[in-house]
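Structural features, examined
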Number of protein chains: 2
Amino acid sequence: MSNTRIATADGPLDHLTSASWVKPTSVPGLIGCTPKFEGILSTLQTVLTAVNPHGMAGPFHCAPVVPLETIDRAQYADAFPQLLGSVHALDTQKADQLASDRHQRATDVVLAPAVCYSVYPEIADRRLEQEQHFDVFGYCYRHEASAEYGRFRAFRMREFILVGGQTSTWEWRDNWFDPCDQLFRSLGLKFTVVAASDPFFGPGDQFLRASQLEQNLKYEFIAPVHPEDEGTAVASANYHRGHLGERFAIQFADNGVAHSACIAFGLERLVSALIHVHGDDLANWPELDGHGAAAVDGRMG
Amino acid sequence: MSNTRIATADGPLDHLTSASWVKPTSVPGLIGCTPKFEGILSTLQTVLTAVNPHGMAGPFHCAPVVPLETIDRAQYADAFPQLLGSVHALDTQKADQLASDRHQRATDVVLAPAVCYSVYPEIADRRLEQEQHFDVFGYCYRHEASAEYGRFRAFRMREFILVGGQTSTWEWRDNWFDPCDQLFRSLGLKFTVVAASDPFFGPGDQFLRASQLEQNLKYEFIAPVHPEDEGTAVASANYHRGHLGERFAIQFADNGVAHSACIAFGLERLVSALIHVHGDDLANWPELDGHGAAAVDGRMG
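Just so you know, the residues in each chain are numbered from 1, in the order the chain's sequence is written. Labels are handed out in written order, letters beginning with A for the chains and numbers beginning with 1 for the ligands. Selection of residues for local features in this predicted model requires a pLDDT of at least 70, selection of side-chain atom pairs for listing and counting requires 80 or more, and totals for whole chains, interfaces and linings are taken over all residues.

A short note on the overall build of chain A
Here is the rule we go by: Segments assigned H or I by DSSP are reported as helices when at least four residues long, segments assigned E as strands when at least two residues long, and all are numbered from the N terminus. Three exposure classes are used, all based on how many other C-beta atoms lie within 10 Å of a residue's own C-beta (placed from the backbone): buried at 20 or more, exposed at 12 or fewer, and partly exposed between those limits. It is the C-beta atoms, placed from the backbone, that decide contacts: two residues are in contact if theirs lie within 7 Å.
If you tally the helices and strands in chain A, you get nine helices and 14 strands. Sorting the 301 residues of chain A into buried and exposed places 45% on the buried side. Restricting the contact set of chain A to residue pairs at least 6 apart, pairs at least 24 apart contribute 70%.

Observations concerning the sheet that holds strand S4 (residues 65–67) of chain A
As a reminder, the rule being used: Two strands form a pair only when DSSP identifies at least two bridges running between them. Lines fitted to C-alpha atoms define the axes, with helix axes restricted to the stretch in contact, and inter-axis angles between N-to-C directions lie between 0 and 180 degrees.
Strand order in the open sheet made by the six strands is S4(A)-S6(A)-S5(A)-S5(B)-S6(B)-S4(B), with antiparallel pairing throughout. With one partner strand each, in any of the chains shown, S4 of chain A together with strand S4 (65–67) of chain B form the two edges of the open sheet. Pairwise comparison of adjacent strand axes, ignoring direction, gives a mean angle of 50° for this sheet. Bridge analysis of S4 of chain B against strand S6 (residues 105–111) of chain B gives three bridges, and the strand direction is antiparallel. Directly across from valine 66 of chain B, in S6 of chain B, lies its bridge partner valine 110 of chain B.

Structural notes on the environment of threonine 167 of chain A
Residues and elements named next belong to chain A. With respect to the helices and strands, threonine 167 occurs in helix H5 (residues 166–175). Given 10 C-beta atoms within 10 Å, threonine 167 falls into the exposed group. Residues threonine 167 and cysteine 140, spaced 27 residues apart in sequence, show a C-alpha to C-alpha distance of 29 Å.

Quick notes on the relation of the copies chain A and chain B
Between the two copies of this chain, the relationship is a rotation about some axis together with a displacement along it. Threshold: For the least-squares superposition of copies, only C-alpha atoms count, and only for residues with pLDDT at least 70 in both.
Of the two same-sequence chains, chain A is brought onto chain B (RMSD 0.0 Å, axial shift 0.0 Å) by a rotation of 180°. Accordingly, the operation relating the two chain copies is best matched by a two-fold axis. Within chain A, the C-alpha atom positioned nearest to the axis of rotation is that of valine 87 of chain A, 2.4 Å from it. Interface overlap between copies: 100% of the residues of chain A at the interface are likewise at the interface in chain B, consistent with a symmetric, same-surface contact.

Notes on helix H9 (residues 267–278) of chain A
Residue and element names in this part refer to chain A. Heads up, the rule is: The span expected for a helix works out to 1.5 Å for each residue beyond the first.
For H9, spanning twelve residues, the distance from its first C-alpha to its last is 16 Å, which sits close to the expected 16 Å at 1.5 Å a residue. Burial analysis of H9 places nine of its twelve residues in the buried class, which makes it a mostly covered element. When we look at burial in H9, the residues that qualify are Leu267, Glu268, Arg269, Leu270, Val271, Ser272, Ala273, Leu274 and Ile275. One or two positions beyond H9, positive phi appears at glycine 279, with a value near 90°.

Notes on helix H6 (residues 177–186) of chain A
Since the α-helix turns once every 3.6 residues, residues separated by three or four places project in the same direction. All names here are of chain A. Rules: The arc in question is formed by the directions pointing from the helix axis toward the C-beta atoms.
If you check which residues of H6 are buried, you get Cys180, Leu183, Phe184 and Ser186. Mapping the buried residues of H6 onto a view down its axis gives an arc of 160°, with all of them on the same face. Check the buried side of H6 and you find it contacts helix H2 (35–51), strand S11 (218–223), strand S12 (232–241) and strand S14 (259–266). Backbone geometry just downstream of H6 places glycine 188 in the positive-phi region, at approximately 85°.

Details of the interface of chain A and chain B
Rules: Put simply, Ala, Val, Leu, Ile, Met, Phe, Trp, Tyr, Cys and Pro go in the nonpolar bin, Asp, Glu, Lys and Arg in the charged bin, and everything else, Gly too, in the polar bin.
In this assembly, 49 residues from chain A lie in contact with 50 residues from chain B. Within the side of chain A that touches chain B, the residues separate by chemical class into 28 nonpolar, 15 polar and six charged. Relative to strand S5 (residues 86–89) of chain B, strand S5 (residues 86–89) of chain A runs antiparallel, the two sharing three bridges. Note that in S5 of chain B the partner of histidine 88 of chain A across the bridge is serine 86 of chain B.

Topic: the nonpolar core
Our working definition: Defined on buried residues, the nonpolar core groups Ala, Val, Leu, Ile, Met, Phe, Trp, Tyr and Cys residues joined through C-beta atoms within 7 Å.
Core analysis: the largest hydrophobic core is formed by 170 residues, its most contacted members being Val65 and Ala112 of chain A together with Val65 and Ala112 of chain B. Aside from chain neighbours lying at most four places away, what touches alanine 112 of chain B is Cys62, Pro64, Val65, Val66, Tyr117, Gly138, Tyr139, Cys140 and Tyr141 of chain B.

Here's the deal with the pairing of strand S8 (residues 132–141) of chain B
All names here are of chain B. The buried fraction of S8 amounts to eight of the ten residues, a majority that puts the element mostly inside the structure. Of the strand pairs in this sheet, strand S3 (residues 60–61) and S8 are connected by two bridges, and their pairing is parallel. By the bridge assignment for S8, histidine 61 is matched with phenylalanine 137. Pairing of S8 with strand S9 (residues 154–164) involves ten bridges; the strand directions are antiparallel. Within the sheet, the bridge partner assigned to tyrosine 139 lies in S9 and is arginine 156.

Digging into the packing of helix H2 (residues 35–51) of chain B against helix H9 (residues 267–278) of chain B
Residues and elements named next belong to chain B. Heads up, the rule is: Orientation labels follow simple angle bins: below 35 degrees gives roughly parallel, above 145 gives roughly antiparallel, 65 to 115 gives roughly perpendicular, and whatever is left gives oblique. Crossings are classed by handedness, with left-handed meaning an anticlockwise turn of the near helix from the far one by less than a right angle and right-handed meaning a clockwise turn.
As a packed pair, H2 and H9 sit with axes 10 Å apart at the nearest point and diverge in direction by 110°. For the element pair H2 / H9, the angle class is roughly perpendicular. With respect to the hand of their crossing, H2 and H9 are arranged in right-handed fashion. Where H2 abuts H9, its residues Phe37, Ile40, Leu41 and Leu44 lie against Leu267, Leu270, Val271 and Leu274. Taken together, the residues of the contact of H2 with H9 break down into eight nonpolar, no polar and no charged.

Some words on the confidence of the model for chain A
Residue and element names in this part refer to chain A. As a reminder of what qualifies: Confidence scores here are pLDDT values: one per residue, from the predictor, ranging 0 to 100.
Mean pLDDT over chain A works out to 87, with 83% of the residues at or above the 70 mark. When the criterion is pLDDT under 50, residues 97–101 qualifies, and its contacts beyond four places in sequence or with other chains add up to four contacts. Note that pLDDT drops below 50 for residues 199–204; the model gives that stretch twelve contacts with residues more than four away or on any other chain. Here the predicted complex scores 0.89 on pTM and 0.88 on ipTM.

Some thoughts on the environment of valine 194 of chain A
Residues and elements named next belong to chain A. Along the polypeptide, valine 194 turns up in strand S10 (residues 192–196). Classification of valine 194 by C-beta neighbours within 10 Å gives partly exposed; the count is 14. Here the alpha-carbon distance between valine 194 and serine 236, two residues 42 residues apart in the chain, equals 9.5 Å. When residues no more than four places from it in sequence are discounted, the contact partners of valine 194 are Tyr219, Glu220 and Ile222.

Written as structure tokens, this is what we have:
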């Protein structure tokens, strides 16, 4: 995202507000969503449950805060120190004495930076005999500095995760490409797919970042989420290698450290991308859960 | 809630975990919810939309964090200092220099202590010519010191709010009693209704607290949320008088400061109360959205 577009950040938000999709707050990047917006988001959830090749009952719902010890163990703050929001509160043991004192201390929870962090503690410190599939959903928080529409501080993520052997997690991640590509076409989205990198393995580690691109560890589905947007990641597929298996001491059968992969969907961004394509009047929208009713070739480039 | 039951707090949580309703985390009072649990919660949302006498499209979805300035203006921290969770993060202007420094500062957002705080800024500093109805939903956070099942730190609240004149807000609050009573009976809940007080008007202000009881400003629907529970508030109806109208400078027509009232439903507690009544096997549950299929007289006392 280019910073030069911050000056026009209010344009898309004003439009989406007047068209009854969202409501702004006094804090940049923090919005609420109307029933009109939620109807689309809810349909997307149903569609994603149906598209999941592993066939699960629907997502596990994570709370918007997670134990600090989980995020510490994942070494999230080493990679993204500026994005993490931690929760502070009065020391409850001293609440009576401190009732008039607003000094707060760090608690044992932080805002969830991604929903997949809820699943690793569940299978930590053990040897898995079978690969484990997860379907999780929840609010995430990232302390974004930008006010641009689409750079939400609080947003909802739907994430499918596999923890297992090296080959199967890699293949599973790649096998998501086709259903995801077909889904986005059937929804009428205009999108591109790009190899991407992020400082997942530590900040400033150019070697690992370049290596991540070379090894094709991450690809993103990019679509415009408002008329002035050149493209924002609405989904990303990530192969973590053994990074989280090591952190959470998860072994897989006779294969040593477990590998993991995930595909994550940013739901507010996806709804916004759909609004950008289909407009403000729901009467003009195709049936999103029809799978094919809106089947047009939306692939750009 | 008596503290003597903390020792057995793991009992209900262990049971609900093994019956695939919830999953615990390493932090007391912080749980995630399975698709089985979410199916019931989603049905409850539909039922509450249908029960709302004002007939609205469904809830507005609030983010789990709200602007600090909203909570300051509502004077929430004066009343409940020990429950508020504030969000701290690195100073993003200095993120590069501070990448290895985990010292964080208070940001401009706090975790939402109730969902209704999202609506007052929207109508602040103005004179309403018509009363305003709201239907809102979202995650709340309260830094509860208890580990007892039902004392969730992060939980979802559905809230109906009216801002308007003194008489109409009072009557509207009281008019919620019958539909709520009928709904809970039709759901098969065992419940009582009690007048209640909270330190809404400031901590330690015994006069105002006694006055709140006398004036019947708050009543709660109380139901057991697990087998060892004597009763937990699953919904509460509150008449705020002009408290929030004053804080947010909202006038109502020719009547001076606007009054407000709300009815709030604790969704995880309601689902837990239903599980307590109907058991772990969904095959034995009545149709919750049938309205009458499960109509038994559940009123206790």
